[in-house]
Amino acid sequence: MKLKRTLRELAAETARAQGIPRDGLASLLIWRLVLEDRLSLAYHLSLCLEARDVAGVPFLPSWMIRAVALGTTVRHSAGAVVRQLQRDLAEFSTSRTVVSPAVWNEAVGFLKVAAALKPAVMAPETAASTVLHSRELQPGLSRLRNYCVRAAIFGDRQQKLDPSQFKRQQDETVWRQRTEELAAEIDAWRTRTLQTFIRYEPAPHCYFRSHWSLTPTRSPRPLGGTTEWQQRQEAVNTMDDLLSPVKADGLSGEVIGLMQQRLAAAVDRWLTDEGTLAGAGSTVGSGSRTSQPPAGIPESIRGMVDHAVTLARSWLNHLDQKPGRRPVPIPRGASDLQDAEVAEQLCREVRERHVAVQEELREYERSSQSLLVAAGTACCCRAIESLRKVFDPDLALPSEELDLRHLLHAELLRLPGIPLNDRWEPELDPETLERAIIEQLADEEHSWEDVFLTQCRTGGHDSATRILSLPVWREEDRTRLEAHLEDCLRESRHQLVHQIEETRQLVAEALRLGVLEEEDHQRLEDQLREVEIGSHDTRRLPRLRAQLQRVQHGIVQLRQTELERVRRRFRQLNRPDRPEGAEAEAGAARNGEVARRSQTKPVLAQPPRRKSPPVDKPEEDPTGTRPGAGGWDMHLFSD
């Protein structure tokens, strides 16, 4: 089916519209994003419409888009991703998803299937089978209905499914080739990480003032670069201990168990965060997630650790697939035999039916000629294909769960200048974010490498680091771009140091000219020291640069105000007018003489008397201050 408008054309039309027509086009834009499997931007665009409380125009709720994104990619039966998916699937029974257009209800029904099909088999505790049972399919979709019923019945059993039992053991030659590739990737990581140089600025003086007692606000603080260096050394040593035994042949069960413990500890220490689902639900190295990572870990360190953890998980998963290493599991009881038989039957049906079901969906889509139905059927086809891969004997499944940050927020990295927190969630008002998303969609599409280079060029080094953590790179490309990012960071830090010195000279000159009081000067010096300390944090570089620009602008404004005051005073002093006191005395004498004559003589017509020029009074200083008088508006310099 050929749709009327492309994604770019629809986004451009949405950007030009206003009011209710714009909201309607934004709703269609969300469906178009779902059709093209860009669920991240569809999710955030829906959040923006929800924040604006759009009325009168139906649009996909954000929880439904998130359920589809998680449901089609879930890999394990436990973890934080499954818990979030369980909450989202429960919304289908509590939220109102039926609206007046019939085509809308058809499309939402397809999204139900897409969100619940794979979880019903892989994570039955999410109650996904209940969602599948509640779906009423239209005539002409009998194959899809039977397929969903079969998956729902399996989910009703609450049976734990082990995908490894359906995988064909690899050939020894293929396994050895993959072993060499993983070992080469690990060697490249260790070489690149251990040989990376970090350059820090000299530490500030221990004492800011040369008197005996120091107030708490003037007490020295540790240099930010020192803290980052300590964290990086700890992370490097931890990851090196984790990956050091990898290349050893014939790892014993004790060594593998030790690697799993170190892996779980590394995730707890560096990657686990409230709302961050990196590595959650993994069957390898899963453990308690009780400890919280320290605040302020730079994103570059987290990205380095995340890459090492991914390599370690890939290695452990590769060991499980070694030919002849793992015997075929033998059921021990009648219930085990029955579960194995049911799983084998489901495996055969999925392999045999998935092609016919997908063809039926495509035929239904062609006959519908609707964007909404096309988006729903496309999501169903992707869910069916994802379930088929679980039972593909030649396809190895990743051992780690997908990172929710990559799944829901990665597309935001394409937007330059969008601030993101540690969970990659946007810290921006919804209207501005909505406008940025639509404008980005209306623009020409760029590759991830182009986006990375743009972020580096515009100072978005934090976003560039996050882009490198996405699973879209080859190892040689990632290494090349990481070197480019390090060069950009060094240049940016050098420019920031130069800007700090320029700002310090402006502040000192303002103090010398009497524009600043000593107390205000000391306050600005403290801010400059804070900027120096924070200049080693990659995430803070744009904010620190903006803070310095505000300080420079404030100093320029104060100097301009003082210059205008001096100019006005100079003009007053250069006027040839009579002194103000003498002019007032002469005027009073004239007024008294006129009054005396009017009492003794009749009023006669007199020619008009020439008025004396008005006396200019000294203009008041609008600032109400003088140089060195204090009281400057210091909010100009606040962050």
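Note on numbering: residues in each chain are counted from 1, in written sequence order. This being a predicted model, a pLDDT of at least 70 is required before a residue's local features are given, and a value of 80 or more before pairs of side-chain atoms are given or counted; all residues contribute to the totals for chains, interfaces and linings. As a rule here, side-chain values cover all heavy atoms of the structure and leave hydrogens and water aside.

Helices and strands together make up the secondary structure of the chain, namely 22 helices and zero strands. Partly exposed residues are those whose accessible area sits between 20% and 50% of the maximum for their type, while under 20% is buried and over 50% is exposed, using a 1.4 Å probe and protein chains only. Across the 639 residues in the chain, those meeting the buried criterion constitute 46%. A contact between two residues is defined here by any heavy atoms of the two lying within 4.5 Å. Looking at the chain alone, contacts between residues at least 24 apart form 74% of all its contacts between residues at least 6 apart. Summing over all exposed atoms, the chain offers an accessible surface of approximately 33,900 Å²; the carbon and sulfur share of this is 52%. Secondary structure elements are taken from DSSP: a helix is a run of H or I of four residues or more, a strand is a run of E of two residues or more, and numbering for both begins at the N terminus. Values of accessible area rely on a 1.4 Å probe in the Shrake-Rupley scheme; residue burial ignores everything except the protein chains shown.

Right, let's talk about the pattern of salt bridges for a bit. Criterion for a salt bridge: a side-chain nitrogen of Lys or Arg within 4 Å of a carboxyl oxygen of Asp or Glu. Scanning the model with the defined rule gives 32 salt bridges in all. A salt bridge links Glu 359 to Arg 366; the shortest N-O distance between them is 3.3 Å. Exposure remark for Arg 366: the relative accessible area of 37% places this residue in the partly exposed category. A salt bridge links Asp 462 to Arg 466; its shortest N-O distance comes to 3.5 Å. Of the two residues, Asp 462 and Arg 466 both sit in helix H18 (residues 461–468), four residues apart, roughly one turn of that helix. Classification of Asp 462 as buried rests on a relative accessible area of 13%. According to the relative accessible area criterion, Arg 466 is buried, its value standing at 2%. Salt bridges linked by common partners bring Glu 449, Arg 474, Glu 476, Asp 477 and Arg 480 together as one network.

Turning next to helix H17 (residues 448–457). Trp 448, Val 451, Phe 452, Gln 455 and Cys 456 are the residues of H17 that are buried. Take H17 and look down its axis: the buried residues cluster within an arc of 135 degrees, on one side only. Looking at the buried positions of H17, the neighbouring elements they touch are H18 and helix H19 (475–512). Following H17 by one or two positions, Gly 459 adopts a phi angle in the positive range, close to 90 degrees. It is the directions from the helix axis to the C-beta atoms that the arc portrays.

Quick look at unusual backbone geometry now. Apart from glycine, the bulk of residues carry a negative phi angle, and the bulk of peptide bonds sit in the trans form. Phi is positive for Gln 158, which is not a glycine, with a value near 55 degrees. Here Gln 158 shows up in the loop between helix H8 (142–156) and helix H9 (172–194). Of note in the backbone geometry, Trp 424 takes a positive phi value of approximately 65 degrees without being a glycine. Residue class for Trp 424 comes out buried when judged on its relative accessible area of 0%.

So, about the side chain of Asn 421. Its place among the elements puts Asn 421 in the loop between helix H15 (404–409) and helix H16 (430–442). Beyond its immediate stretch of four places on either side in the chain, Asn 421 contacts Glu 427 and Arg 466.

In this section: the packing of aromatic side chains. The pairing test for Phe, Tyr and Trp rings, Trp by its six-membered ring, is centres within 6.5 Å, and the orientation test on the planes gives stacked under 30 degrees, edge-to-face over 60, and tilted for anything in between. Tallied over the full model, the rule gives three aromatic pairs. Ring geometry for Trp 31 against Trp 104: centres 5.3 Å apart, planes inclined by 80 degrees, an arrangement best described as edge-to-face. Taken as a pair, Trp 31 in helix H2 (residues 19–35) and Trp 104 in helix H6 (residues 102–122) lie far apart in primary sequence, 73 residues in all. The same class applies to Trp 31 as to Trp 104, namely buried. Each ring, one from Trp 63 and one from Phe 92, has its centre 5.0 Å from the other, and the planes form 80 degrees; the classification is edge-to-face. Residue Trp 63 is found in helix H4 (residues 62–71), and its partner Phe 92 is found in helix H5 (residues 80–94); the two are separated by 29 residues along the sequence. By relative accessible area, Phe 92 is classed as buried at 7%. Any Lys NZ or Arg CZ found within 6 Å of a ring centre and within 35 degrees of that ring's normal is scored as a charge over the ring. Against the face of Trp 448 rests Arg 414, its NZ or CZ located 4.1 Å from the ring centre.

Between helix H1 (residues 7–16) and H2, the shortest axis-to-axis distance is 9 Å and the interhelical angle comes to 160 degrees. Here H1 is positioned roughly antiparallel relative to H2, judged by the angle of their axes. Crossing angle aside, the handedness with which H1 passes H2 is left-handed. Counted together, Leu 7, Leu 10, Ala 11, Glu 13, Thr 14 and Ala 15 of H1 and Arg 22, Leu 25, Ala 26, Leu 28, Leu 29, Arg 32 and Leu 33 of H2 form the full contact between these two elements. In this classification, the charged set is Asp, Glu, Lys and Arg, the nonpolar set is Ala, Val, Leu, Ile, Met, Phe, Trp, Tyr, Cys and Pro, and all remaining amino acids, among them Gly, are polar. Split by residue class, the contact of H1 with H2 holds nine nonpolar, one polar and three charged. Every angle, taken between N-to-C directions, lies between 0 and 180 degrees, and every axis is a line fitted to C-alpha atoms, over only the stretch in contact when it is a helix. Orientation labels follow simple angle bins: below 35 degrees gives roughly parallel, above 145 gives roughly antiparallel, 65 to 115 gives roughly perpendicular, and whatever is left gives oblique. Handedness of a crossing follows from how the near helix is turned relative to the far one, being left-handed for an anticlockwise turn of less than a right angle and right-handed for a clockwise one.

All right, on to the nonpolar core then. Nonpolar core, defined: a set of buried Ala, Val, Leu, Ile, Met, Phe, Trp, Tyr and Cys residues in which side-chain atoms within 4.5 Å join the residues together. By size, the foremost hydrophobic cluster in this structure holds 116 residues, and its most contacted members are Trp 31, Leu 144, Leu 161, Leu 361 and Phe 391. When sequence neighbours within four positions are dropped, the list of residues in contact with Leu 161 reads Val 121, Met 122, Phe 154, Phe 166, Ala 343, Val 390 and Phe 391.

Moving on to H16. Between the first and last C-alpha of H16 there are 18 Å, a value that for 13 residues agrees with the 18 Å anticipated at 1.5 Å per step. Listed as buried for H16 are Leu 433, Glu 434, Ala 436, Ile 437, Ile 438, Gln 440 and Leu 441. In this structure, the buried residues of H16 make contact with H1, H2 and helix H3 (39–52). Here the expected length of a helix is defined as 1.5 Å per residue gap, with one fewer gap than residues.

Interhelical geometry of H2 versus H3 gives an angle of 155 degrees and a closest axis separation of 8 Å. The orientation of H2 relative to H3 falls into the category roughly antiparallel. The interaxial crossing formed by H2 with H3 has left-handed handedness. Here Asp 23, Ala 26, Leu 29, Ile 30, Leu 33 and Val 34 of H2 lie close against H3, whose contacting residues are Leu 39, Leu 41, Ala 42, Leu 45, Ser 46, Leu 49 and Arg 52. Class assignment of the residues belonging to the contact of H2 with H3 gives a composition of ten nonpolar, one polar and two charged.

Tracing the backbone shows Met 304 in helix H12 (residues 299–320). It is 8.5 Å that separates the C-alpha atoms of Met 304 and Val 236, two residues lying 68 residues apart in sequence. Ignoring sequence-local partners within four residues, the contact set of Met 304 consists of Trp 189, Thr 193, Ala 235 and Val 236.

Cysteine sulfurs are considered disulfide-paired once they come within 2.5 Å of each other. One pass over the full model with this rule turns up zero disulfides. This cysteine, Cys 148, is not joined by any disulfide, and Cys 380 carries the nearest cysteine sulfur, 6.8 Å off. Cys 148 sits in the buried class, given a relative accessible area of 6%. Here Cys 381 is not disulfide-linked; the sulfur of Cys 380 is the nearest cysteine sulfur, at 7.0 Å.

What pLDDT expresses is the predictor's confidence in each residue, scored from 0 to 100. Summarising the model, the chain shows a mean pLDDT of 76, and 73% of its residues fall at 70 or more. A low-confidence stretch, residues 204–222 stays under pLDDT 50, and its non-local contacts, those more than four residues away or across chains, total 13 contacts. Confidence drops under pLDDT 50 across residues 600–613; counting only partners more than four residues distant or on other chains, this segment forms four contacts.

With respect to the element layout, Thr 73 can be found in the loop between H4 and H5. Considered as a pair, Thr 73 and Pro 119 are 46 residues apart in the sequence and their alpha carbons are 9.0 Å apart. Beyond its immediate sequence surroundings of up to four residues, Thr 73 is in contact with Lys 118, Glu 401, Leu 402 and Leu 407.

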